[in-house]
Amino acid sequence: MNDMTQSPLDRDARAIMQANDRGRYSIPTSGLYPYQWNWDSAVAAAGYAEFDLDRAWLELETLFSGQWANGMVPHILFHKVDPGYFPGPDVWGCEGGPIASSGISQPPIAPTFARMVWEKDRAAGDAPMRRLFPKMLAWHQWFMDWRLDRGAVCVTHPWEAGRDNAPDWDGAMAAIDPTGVGDYQRRDTSHVDSDARPTKYDYDRYIWLVQLGRRLKWDEAALLKENPFRVADPTMTFALLRSARDLLAIGQALDLDTGALQDDIKTLEAGADTLWNPELEAYDARDVRSGLWAGSLSNASFMCWYAGIDNPAMQAPLEKMMRDSAYPVPSYPVDGEKFDSKRYWRGPSWAVMNMLIGVGLEDCGKPEGTLLRQKTGDLIRNFGFAEYYNPLDGTPAGGESFTWPAAVWLSWAGRA
Ligand code: DGY
C-alpha cells in the first residue's frame, strides 16, 4: 500500500499501530495491556506487512525470542516491567524462558500469520521464515506432547484460550475453590469499565490458577496431574490444526524437515471431531476433568473453517448467528441465557475472531466469508478501532486505539 492508495482509515490504522509499536514488538494498547501478547502480535505482523515487511518479521521474531526451552511460546512477554498491569512477572514467577513471561501459551495463530507475511514477498521472506520454522515446529510439538485429550487441544487456564471469561469455562471454573488466593489488586478495572471486564469471581480463580502453576514450577507433567482446570477448547484445537496445515505447506515449499506434521494433522482432525456436541449441534468446549460439555456456542465454534473443516452441520448455526446481529459474529449468541452485551467474551463482537472465522470461510469458498469481511469493515468504519463491540448496537468497549482491529483493518477488513 503506498501513500496514494491509503484511505483516511488506513492512515488511522497505521497511526495506531505506530503508537503501539515498542520498537521490536507491539503492545495491544497502552495502559490496559502494556506488554507483548502472543496472538495479538501474530495479527499485528499481518498489519505491519501492509506497509513494512521488515517490521512484520521483527514482530514475529521477537515473539519467538521468548520461547521456552520446552518449546512453549508464552502468552505474555514482559519485556519492560509496567506496574499498570496485574498480574506481572513477580506473580507468575516463571523461569522457563529467556525473557520474563507468563507460564501459559495462547492459540497458535502465529504460524498461519507468518505464512501470510511470507506470501506477500517470498524472496524477502524465505530467510526469516527459515529461521522461524524450527521454532514454530517446536511450539507445535509442545502442544502435541502436553496438551492433547483424544486429539483435541486443552487449555490449562482460561487466559490460554484468549477468551478469558467465555461461558465455555463456567463449569470448570465452578469446580475451583479459590480459598487462600489472598489479597491482590486488579489493574484492569482502573483502565476500563468494570462491567466490561471479568468479575471478581473469575479473577479469584484466574489468580488461584497462576499460583498453582507457580507452585508446580510450571511443570507440564505436574500440571497434567494436579490442575483441576483442563478443558478441550475449540480455539486451540482449530488454531493448531490450521497451523499444522500451514507449517506443512511452508516446510514442503522450502524443503524443510516437517517432522510428524502429516500424522499430527490426522490426530487433530480426529480431535476436532471429539468437540462436536450432538445436543448443541455445534463444536463446543469439553471439560476433560468432569467429562461435561460447556453447552456453549461461541465464536470459536465457527473457527472450524479456519481449520479447513467445512462441516455442513455448522451452516445453520452460522446463518442464525449472522441473522441475529447486524454486526459481525458475537462471542456468544445474543439470545443465549448467559449473553451479556458488554462483558468481554460473554457477548461482544471481536474483530480478530471475525477475521479468523472469515478467512476460514473464504478459504473454503463460502460467500459468508465476504459478508463477514464487509460487516467487520463496517463495524470498524462506524465505531473505530476498539478492543470489542456491543453486538446489539456496535458501541465500542474495552481498550481504545487497539492494535488488533487496526491490523485486521489493514490486512483484511479494509480490503472488502
Ligand atoms: C488480561 O489481563 O485481561 C488478559 O486477557 C490476560 O491475558
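As shown above, the structure is provided for reference.
Below or above, wherever it landed, is the structure these notes cover.

So, how was this worked out
- One numbering rule holds for all chains: residues counted from 1, following each sequence as written.
- pLDDT decides what is reported in this predicted model: residues at 70 or higher carry local features, side-chain atom pairs at 80 or more are listed and counted, and totals for whole chains, interfaces and linings draw on all residues regardless.
- With hydrogens and water excluded, all non-hydrogen atoms of the structure serve as input to the side-chain values.
- Throughout, near means a residue has at least one heavy atom within 4 Å of the molecule or strand.
- N or O atoms closer than or at 3.5 Å make up a polar contact, with two conditions inside protein: a donor-capable atom paired with an acceptor-capable one, and, for residues adjacent in sequence, both atoms drawn from side chains.
- Accessible surface is estimated by sampling points in the Shrake-Rupley manner with a 1.4 Å probe; for residues, cover comes only from the protein chains shown.
- Note that Gly is not counted as nonpolar here; it falls among the polar residues with everything else outside the nonpolar set of Ala, Val, Leu, Ile, Met, Phe, Trp, Tyr, Cys and Pro and the charged set of Asp, Glu, Lys and Arg.
- Throughout this description, buried means an accessible area under 20% of the type-specific maximum (1.4 Å probe, protein chains only), exposed means over 50%, and partly exposed covers the range between.
- Working definition: helices are DSSP H or I runs of at least four residues, strands are E runs of at least two. Numbering for both runs from the N terminus.
- Strand pairing is assigned whenever DSSP detects at least two bridges linking the two strands.
- In this description, a disulfide is simply a cysteine sulfur pair whose atoms lie within 2.5 Å.
- A pair is scored as a salt bridge if a Lys or Arg side-chain nitrogen falls within 4 Å of a carboxyl oxygen belonging to Asp or Glu.
- Between the first and last residue of a helix there are one fewer steps than residues, each counted as 1.5 Å, and that sum is the expected span.
- Throughout, the arc means that of the directions going from the helix axis to the C-beta atoms.

On to the site of the ligand. Looking at the ligand, the residues that line it are Y33, W37, H75, Y85, W159, D164, R197, Y203 and Y344. D164 has a polar side-chain atom sitting 2.5 Å from an oxygen atom of the ligand. Between the ligand and R197 there is a distance of 2.7 Å, counted from an oxygen atom to a side-chain nitrogen or oxygen. Bound to the protein, the ligand loses 95% of the 230 Å² it would expose on its own. Of the residues assigned to the shell around the ligand, the class counts are six nonpolar, one polar and two charged.

Our next topic: the pairing of strand β4 (residues 152-155). Alternating residues of β4 divide into A152 and C154 and V153 and V155, and every residue in both groups is buried. Bridging between strand β3 (residues 148-149) and β4 involves two bridges; their strand directions are antiparallel. From the neighbouring strand, D149 faces β4, where its bridge partner is A152. Remark: two residues form the turn of the hairpin made by β3 and β4, two consecutive strands paired antiparallel; R150 in that turn has positive phi of roughly 50 degrees. Strand direction decides the pairing type here: β4 and strand β5 (residues 231-232), joined by two bridges, are antiparallel. Counterpart to C154 in the pairing with β5 is A232.

As a further point, take the side chain of S341. Within the secondary structure layout, S341 lies in the loop between α14 (315-324) and α15 (351-363). Looking at S341, the relative accessible area reads 18%, which means it is buried. Polar side-chain contacts of S341 include one of 3.4 Å to the side chain of N390.

With the rule as written, the count across this model stands at zero disulfides. Note on C154: no disulfide assigned, nearest cysteine sulfur contributed by C304 at a separation of 19 Å. Residue classification places C154 among the buried positions, given a relative accessible area of 0%. C364 takes part in no disulfide bond, and the closest cysteine sulfur, belonging to C304, lies 7.9 Å away. The partly exposed category is assigned to C364, whose relative accessible area is 25%.

Turning our eyes to something else, we now look at the sheet that holds β5. Ordered by their spatial adjacency, four strands build an open sheet running β3-β4-β5-β8, and the pairing between neighbours is antiparallel. Only two strands of the sheet have a single partner each, and these edge strands are β3 and β8 (286-287).

Glancing now at the pattern of salt bridges. Applying the stated criterion across every chain yields a total of 27 salt bridges. Of the charged contacts in the structure, one is a salt bridge between D21 and R55, with a shortest N-O distance of 2.8 Å. Placement of D21 in the loop between α1 (8-19) and β1 (36-37) and of R55 in helix α3 (residues 53-64) is noted, with a sequence separation of 34 residues between them. Given a relative accessible area of 23%, D21 falls into the partly exposed group.

For the rest of this paragraph, the subject is α1. In a regular helix each residue adds 1.5 Å, so 12 residues correspond to 16 Å; α1 covers 16 Å between its end C-alpha atoms and thus fits that length. Three or more residues of α1 are buried, namely L9, D10, A13, R14, I16 and M17. Taken down its axis, α1 places every buried residue within 160 degrees of arc, on the same side. In α1, the exposed positions angled more than 90 degrees off the buried face are occupied by P8 and A19.

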